[in-house]
Amino acid sequence: MHRHKNAIFAVGLLAFGLSCSRSPQQSQQAEQPAPASAFRIYVTNEVSGDLTIIDSATYDVVATVPLGKRPRGIHASPDRKTIYVALSGSPIAGPDVDESTLPPPDKSADGIGVFDLAQNKVVRVIKGGSDPENFDVSRDGTQLYISNEDDSAVSVVDIASGTVVKSAKVGGQPEGVKTTPDGKLVYVTSEETGTISVLDPAAGKILKTFKVGNRPRSVAFLPDGSKAYINAENDGSVVLVDAVLQKMIQTIPLGKPGVVKPMAVLLSPDAAKLYVSTGRGHQVFTIDTATNQVSGSVEVGPRPWGIALSPDGKTLYSANGPSNDISVVDLATNTVVKKVKAGGSPWGVIALPR
């Protein structure tokens with residue numbers, strides 16, 4: 001009996017010793033829940049008037065939040081705490097539509113929605129001129145530079161006061177807006193006139209206007225600000241611009257004009273690659289910026305418009321309007337690995353760390 005008790009005692013001591021020998025780190029790992037996703041994907045839906053929020057780890061839609069009429073352009077504040085969204089009460093119309101047949105615009109719906117990421121809702125709407133379509137945020141996060149499509153103008157808006165502090169006329173149907181890397185100038189694309197207007201935001205004046213191709217919509221600057229890539233939708237090409245001399249220096253053809261319709265241009269984090277969505281072309285092209293030659297393409301869906309990259313630059317997301325979904329592209333293999341349903345006619349997309 002005495003020996004039996006000693007044996008039980010010894011086994012108990014061994015079990016206790018084993019439990020104590022497990023490191024605190026091992027115990028913590030065993031008890032930790034599955035990690036949350038590192039970032040979320042935000043999609044503006046032009047027809048349904050809302051924002052689709054997607055978890056990047058599961059690709060589940062975690063929320064659909066109302067924004068207002070025709071949300072299109074979407075950009076984050078420099079501190080990544082706020083998302084700004086262009087809203088417009090002008091009716092949707094294609095390039096060949098007779099505007100006299102359309103219903104009157106609802107100017108009360110025009111503005112820039114301010115979406116607070118912590119509260120997960122629109123907290124205010126800033127008036128940003130007539131029919132805002134796209135815009136950019138100043139490097140210090142205090143101003144917005146907004147294209148006013150039906151007014152052929154660009155507005156400079158003070159975010160704190162919510163007022164237009166300067167405005168300048170540009171070419172017809174302005175859309176894309178991009179600040180130079182040093183923050184001193186702003187490029188505004190004009191679809192109708194095929195031009196870039198160079199805005200000095202401090203002075204509120206257009207310094208220069210130059211031709212770049214038919215229906216430019218989007219601008220991507222190299223990090224040093226020396227050059228910029230601009231789409232030429234109706235030419236089926238991308239244009240390379242000398243951003244110092246402010247003139248076109250090269251055309252990079254992507255395909256047959258009218259079949260391939262370049263829309264958005266986006267540089268990889270290291271600026272080694274340029275990604276181009278092509279609307280009716282159904283594809284996203286990759287251009288090697290060292291050679292300015294097309295290095296690949298992937299079919300993502302009908303009419304891809306807005307595109308975005310994951311924070312690590314390994315995954316691309318395209319907003320496919322007619323199919324109401326987002327394509328997830330693995331850039332290592334250049335293949336679509338997932339499609340996620342969004343709202344009605346997704347237009348813009350960004351990815352932000354949580």
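Given the structure is predicted, the values throughout are model-derived calculations rather than measurements.

Which residues make up the side chain of Asp-50, and what values go with them?
Locating Asp-50 in the fold gives a position in strand β2 (residues 50–55). Within the buried set, Asp-50 has no salt-bridge partner at all; the shortest N-O distance to an opposite charge, 13 Å, is to Arg-70. Among the polar contacts listed, one links the side chain of Asp-50 to the side chain of Asn-45, at a separation of 2.9 Å.

Describe in detail unusual backbone geometry, supporting the description with residues and values.
Residues other than glycine seldom take positive phi values, yet Arg-70 does so here, at roughly 45 degrees. Examined against the element boundaries, Arg-70 turns out to sit in the loop between β3 (61–66) and β4 (74–76). By relative accessible area, Arg-70 is classed as buried at 13%. In this model, His-282 sits at a positive phi of 65 degrees, which is unusual for a non-glycine residue. Position of His-282 among the secondary structure elements: in the loop between β21 (273–277) and β22 (283–288). The class of His-282 is partly exposed, set by a relative accessible area of 31%.

Pulling in residues and values, what's your account of the pattern of salt bridges?
By the definition in use, this model includes 14 salt bridges. Taking the shortest distance from any N to any O, the salt bridge between Asp-106 and Lys-69 comes out at 2.8 Å. With a gap of 37 residues between them, Asp-106 in the loop between β5 (82–87) and β6 (111–116) and Lys-69 in the loop between β3 and β4 connect regions that are remote in the sequence. Taking the relative accessible area as the measure of exposure, Asp-106 reaches 25% and is therefore partly exposed. When the shortest N-O distance is used, the salt bridge between Glu-191 and Arg-215 registers 2.4 Å.

Account for the layout of surface pockets, naming residues and giving values.
If you add up the space inside the largest pocket, you get close to 1,400 Å³. Lining the largest pocket are 46 residues, and of these His-75, Lys-178, Leu-266, Ile-307 and Ile-350 sit closest to its centre. Of all the secondary-structure elements, those providing two or more residues to the lining of the largest pocket are β4, β8 (132–137), β12 (174–179), β16 (219–221), β20 (265–267), β24 (304–309) and β28 (346–353). With 7 residues, the single largest contributor to the lining of the largest pocket is β28. Looking at the lining of the largest pocket residue by residue, the classes come out as 29 nonpolar, 11 polar and 6 charged.

With reference to specific residues and values, describe the sheet that holds strand β1 (residues 39–45).
Sheet architecture is open: 4 strands sit in the order β3-β2-β1-β28, paired in antiparallel fashion. The open sheet is flanked by β3 and β28, the only strands paired with a single partner. Across the sheet, the mean angle separating the axes of adjacent strands is 20 degrees when strand polarity is ignored. For β2 and β3, the ladder comprises 5 bridges, and the chain directions are antiparallel. Within β3, the position partnered with Leu-51 by the bridge is Val-65.

So, the environment of Lys-166: which residues are in play, and what are the values?
Assignment of secondary structure puts Lys-166 in strand β11 (residues 163–169). We classify Lys-166 as partly exposed; its relative accessible area is 28%. Spatially, the C-alpha atoms of Lys-166 and Ser-155 are 5.9 Å apart, while their sequence positions differ by 11 residues. Here Lys-166 is in contact with Val-154, Ser-155, Val-156, Pro-201, Ala-202, Ala-203 and Gly-204, once residues within four sequence places are set aside. A distance of 3.3 Å separates a polar side-chain atom of Lys-166 from the backbone oxygen of Ala-202.

Outline the side chain of Glu-175, listing residues and values.
Locating Glu-175 in the fold gives a position in strand β12. Sequence-distant contacts of Glu-175, defined by excluding residues within four places in its chain, comprise Glu-133, Asn-134, Ser-147, Thr-189, Glu-191, Arg-217, Trp-305 and Trp-347.

Explain the sheet that holds strand β13 (residues 186–190) to me, using residue names and the numbers behind them.
Across the sheet, 4 strands lie side by side as β12-β13-β14-β15; this open sheet has antiparallel pairing. Edge strands, defined here as strands with exactly one partner in the open sheet, are β12 and β15 (205–211). Here the strands of the sheet are splayed against their neighbours by 20 degrees on average, with no regard to which way each runs. Here β12 pairs with β13 via 4 bridges, running antiparallel. Directly across from Pro-174, in β13, lies its bridge partner Ser-190.

Conventions and cut-offs
Residues numbered from 1 in each chain as written. Predicted model: local features only at pLDDT ≥ 70, side-chain atom pairs only at ≥ 80, totals over all residues. Heavy atoms only, no water. Helix = DSSP H or I, 4+ residues; strand = E, 2+ residues; numbered from the N terminus. Buried < 20%, exposed > 50% of the residue type's maximum accessible area, 1.4 Å probe, protein only. Lys, Arg positive; Asp, Glu negative; His and termini not counted. Salt bridge = Lys/Arg side-chain N within 4 Å of Asp/Glu carboxyl O. Polar contact = N/O pair within 3.5 Å; in protein donor to acceptor, adjacent residues only side chain to side chain. 1 Å grid on protein atoms, 1.4 Å probe; cavity = no way out; pocket = protein on both sides within 12 Å on 5 of 7 lines; lining within 4 Å. Points joined across faces, edges and corners; volume = space filled by probe spheres on them. Nonpolar A, V, L, I, M, F, W, Y, C, P; charged D, E, K, R; others polar. Pairing = 2+ DSSP bridges. Axes fitted to C-alpha atoms, helices over the stretch in contact; angles between N-to-C directions. Contact = heavy atoms within 4.5 Å.

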